[in-house]
Amino acid sequence: MQVTFYGVRGSIASPGPDTVRYGGNTPCLRVDNGSDEIIILDAGTGIRRLGDELAGDHRPIYLLLSHQHWDHIQGFPFFKPAYRGSSEIFVVCFNCESHENLSLTQQFSDPFFPVPASALPSNIHLLDEEGIRDVNFQGTIVTTAPLNHPGGGSAYFFRSGGKSLAYMTDNELFPPNEPPTSYEEWVERCHGLDCLIHDASYTDEEIETRIGWGHSSIGQALQLGLDAGVKLIVLFHHEPDRTDDQLDEIVAECQEKVGDSMKVIAAREGETLTL
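Presented here is an overview of the structure given in this document. (Residues numbered from 1 in each chain as written. Predicted model: local features only at pLDDT ≥ 70, side-chain atom pairs only at ≥ 80, totals over all residues. Heavy atoms only, no water.)

Quick word on the overall build of the chain
Helix and strand counts for the chain come out as 5 helices and 13 strands. A globule of 275 residues ought to have a C-alpha radius of gyration of about 19 Å, and the chain, at 18 Å, matches this closely. Looking at the chain as a whole, 56% of its 275 residues qualify as buried. Of all intrachain contacts in the chain linking residues separated by at least 6 positions in sequence, the fraction that spans at least 24 positions is 69%. (Helix = DSSP H or I, 4+ residues; strand = E, 2+ residues; numbered from the N terminus. Rg over C-alpha atoms; globule rule 2.2 N^0.38 Å. Buried < 20%, exposed > 50% of the residue type's maximum accessible area, 1.4 Å probe, protein only. Contact = heavy atoms within 4.5 Å.)

What about the environment of Val-8?
Residue position: Val-8 is located in the loop between β1 (2-7) and β2 (28-32). Setting aside its immediate chain neighbours within four residues, Val-8 contacts Tyr-22, Gly-23, Asn-25, Thr-26, Phe-236, His-237, His-238, Ala-267, Arg-268 and Glu-269.

Concerning empty space enclosed by the protein
In total, this model carries 1 cavity of 30 Å³ or more according to the counting rule given. For the largest cavity, the calculated volume is near 50 Å³. Forming the boundary of the largest cavity are Ala-200, Ser-201, Ile-218, Leu-235, His-238, Glu-239, Arg-242, Leu-247 and Ile-250. Tallied by class, residues from the lining of the largest cavity come to 5 nonpolar, 2 polar and 2 charged. (1 Å grid on protein atoms, 1.4 Å probe; cavity = no way out; pocket = protein on both sides within 12 Å on 5 of 7 lines; lining within 4 Å. Points joined across faces, edges and corners; volume = space filled by probe spheres on them. Nonpolar A, V, L, I, M, F, W, Y, C, P; charged D, E, K, R; others polar.)

Keep in mind these values describe shape, not function.
Shown next as structure tokens:
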């Protein structure tokens, strides 16, 4: 099982000389397990480059949205397979009952975008979280858990060939209100994961003025990885103003803190992890 990062930045795209090495696009990942389907996580601005790579690939596409906030859907109008009549795109979204309440396609409307969703030649289907469990991704088991984020959302867990991966972006581990998923439940769900990709938007100092925003601190994410016995934690959803040099320092400090207990990296555009 492989995971490739196409967008790793949170909130708003932040290209520039200080974000060249880690990247400035908003969230998009691809999970590849050798199956006959293409699995994509989120549709931030990073999905544009992924769409370019898939221009000649006609396999069914499964787009698993963590939630519908702008930075996780804004790249879809520039996703080339959506403009191809042969494309079958299955969208999995938390709490989406119909296309009418799907922000992914609502953004194709005046005055936001010149091409209406009705003009897209691709075939877009909406699946709920139960529906994804009926899909056999070459034996890969996909499960979900509700995120602690304003408006809700989904974490995704993948198990394939004895390896395990979790994608938990936009997740506040210690929110001010009663969470849909408690910290203890997260520890249980993440127990022994080979790879945990988790929201680490803020430093421990920054999080103090951002309680209730639906994100976690770097230290909180690190603690979850340690408590759950995770092998590799990937810090994700980098704050827009976080520079490459700052991320280098953060990773070094985190690795020194955990020692040999767990490997720590920061998500980087263009990087592929093989589990």
